[in-house]
Amino acid sequence: GGMLVGSAYTLIRMGKNLTSSLGRALSEVRHGAPPMESVARTERYMGSKTVFAMIAVVFLLMNGLYIYISGRVLAGVVAAIVMLLVGFFFATVSGNLVGMIGSSNNPISGLTLSTLIIAALLMVALGVSGPGGVAVVLGVAAVVCVSSAVAGELLQDFKAGYILGGTPRTIQIVELIAVVVASLVMYYPLYVLQVANIHSGGIGFGDKALSAPQAGLMAALAQGIVGGEMAWPLVFTGALFGLAMILLKVRS
């Protein structure tokens, strides 16, 4: 609850910058980007058309995955839309905080849990329940978690690149390559750990010998909301506490 209030407050404070940045990106899509030669090397970013095209591809792929998991077209499409919108805004929050303070200030866990609550409530409203509903909620939260993490790292890289005189477009390309390579590399040790734990009589991730506390909290939240067993008074208490901190102007 506190994280939801904090995220909303951060977005409100960033409203003007967020609107102007998005307006410039959409204007570039409509009217085209200025010639590369007319822009200083240290101000050259990846074209907005390219960025929006890649977002569209991921959005369509996730549509298919969420429809497959939930078994319902409407639920899958709604989940993908939530992923897109919440992922965009929370990546902005993450990037802003990391860009100003540093990677240690990236509130990924809180943003992911906030996403999970939003997605779970929508799934309940659509009547999606059971393991499929929980899986879709966790799928949305996972994508937003990764997008927020990458946004924070990218802004940190931009800051270092600005100090060293790097080219933003090159930094973006390298970041894309790094995400793909890391995803491919990390899959195998995680798979080996999961299988080894199961073979030794465990249940995989979440077992006492292979604990995953943050993932366990996410699963518990998703199951609680979708199953109608959520401790909402605790969430509301957290939200009121966060609101009180803002009204009292308590610094982070």
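In this text, all values refer to a predicted model and were calculated from it rather than measured experimentally.

Here is what the cut-offs are and how they apply
- Residues numbered from 1 in each chain as written.
- Predicted model: local features only at pLDDT ≥ 70, side-chain atom pairs only at ≥ 80, totals over all residues.
- Heavy atoms only, no water.
- Phe/Tyr/Trp six-rings, centres within 6.5 Å; stacked < 30°, edge-to-face > 60°.
- Buried < 20%, exposed > 50% of the residue type's maximum accessible area, 1.4 Å probe, protein only.
- Helix = DSSP H or I, 4+ residues; strand = E, 2+ residues; numbered from the N terminus.
- pLDDT = per-residue confidence, 0-100.
- Contact = heavy atoms within 4.5 Å.
- Core = buried A, V, L, I, M, F, W, Y, C linked by side-chain atoms within 4.5 Å.
- Patch = residues over 30% accessible without salt bridge, like charges linked within 9 Å, V, L, I, M, F, W, Y side chains within 5 Å.
- Areas by Shrake-Rupley, 256 points an atom, 1.4 Å probe, with all protein chains shown as cover.
- Salt bridge = Lys/Arg side-chain N within 4 Å of Asp/Glu carboxyl O.
- Expected span 1.5 Å × (residues − 1).

1. Focus: the packing of aromatic side chains
Here the structure, examined in full by the defined rule, presents 5 aromatic pairs. Note on Tyr187 and Tyr188: the rings are 5.2 Å apart at their centroids and 85° apart in plane angle, and the pair reads as edge-to-face. The partly exposed category is assigned to Tyr187, whose relative accessible area is 48%. Taking the relative accessible area as the measure of exposure, Tyr188 reaches 55% and is therefore exposed. Connected via pairs of aromatic rings, a cluster forms that spans Tyr187, Tyr188 and Tyr191.

2. Some remarks on the environment of Val128
Mapped onto the fold, Val128 is located in the loop between helix 5 (108-125) and helix 6 (130-164). Judged by relative accessible area, Val128 falls into the buried class, the value being 4%. The spacing of Val128 and Gly71 is 57 residues in sequence and 9.4 Å in space, taken between C-alpha atoms.

3. Description of the confidence of the model for the protein
Averaged over every residue, the pLDDT of the protein is 84; residues scoring 70 or more account for 98%. For the protein, per-element mean pLDDT is lowest for helix 2 (residues 15-31), which scores 74, and highest for helix 7 (residues 168-199), which scores 92.

4. Quick notes on the side chain of Thr167
Here Thr167 shows up in the loop between helix 6 and helix 7. Judged by relative accessible area, which is 17%, Thr167 ranks as buried. Setting aside anything within four residues of it in sequence, one finds Thr167 in contact with Arg41 and Arg44.

5. Here we look at the nonpolar core
Core analysis: the biggest nonpolar cluster contains 34 residues, and Tyr66, Ala79, Val82, Leu116, Met123, Val137 and Val140 have the highest contact counts within it. If you tally residues by element for this core, the top one is helix 4 (residues 73-100), at 10 residues. Dropping the residues within four chain positions of it, Tyr66 is found in contact with Gly76, Ala79, Ala80, Met83, Val136, Gly139, Val140 and Val143.

6. Examining a nonpolar patch on the surface
On the surface, a cluster of nonpolar side chains totalling about 690 Å² of accessible area is made up of Leu22, Leu26, Phe52, Ile55, Ile81, Leu84, Leu85, Phe88 and Phe89. Contributions of two or more residues to the nonpolar patch are made by helix 2, helix 3 (48-70) and helix 4. Within the fold, Leu84 resides in helix 4.

7. Comments concerning helix 3
Between its first and last C-alpha, helix 3 extends 32 Å over 23 residues, near the 33 Å set by a 1.5 Å rise per residue. Of all the positions in helix 3, only Ser48, Met62, Asn63, Tyr66 and Ser70 are classed as buried. A positive phi of about 80° marks Gly71, the residue just after helix 3.

8. Considering the environment of Ala178
Here Ala178 is to be found in helix 7. For Ala178, a relative accessible area of 40% translates into the label partly exposed. A sequence separation of 28 residues divides Ala178 from Val150, and the C-alpha atoms of the two residues are 10.0 Å apart.

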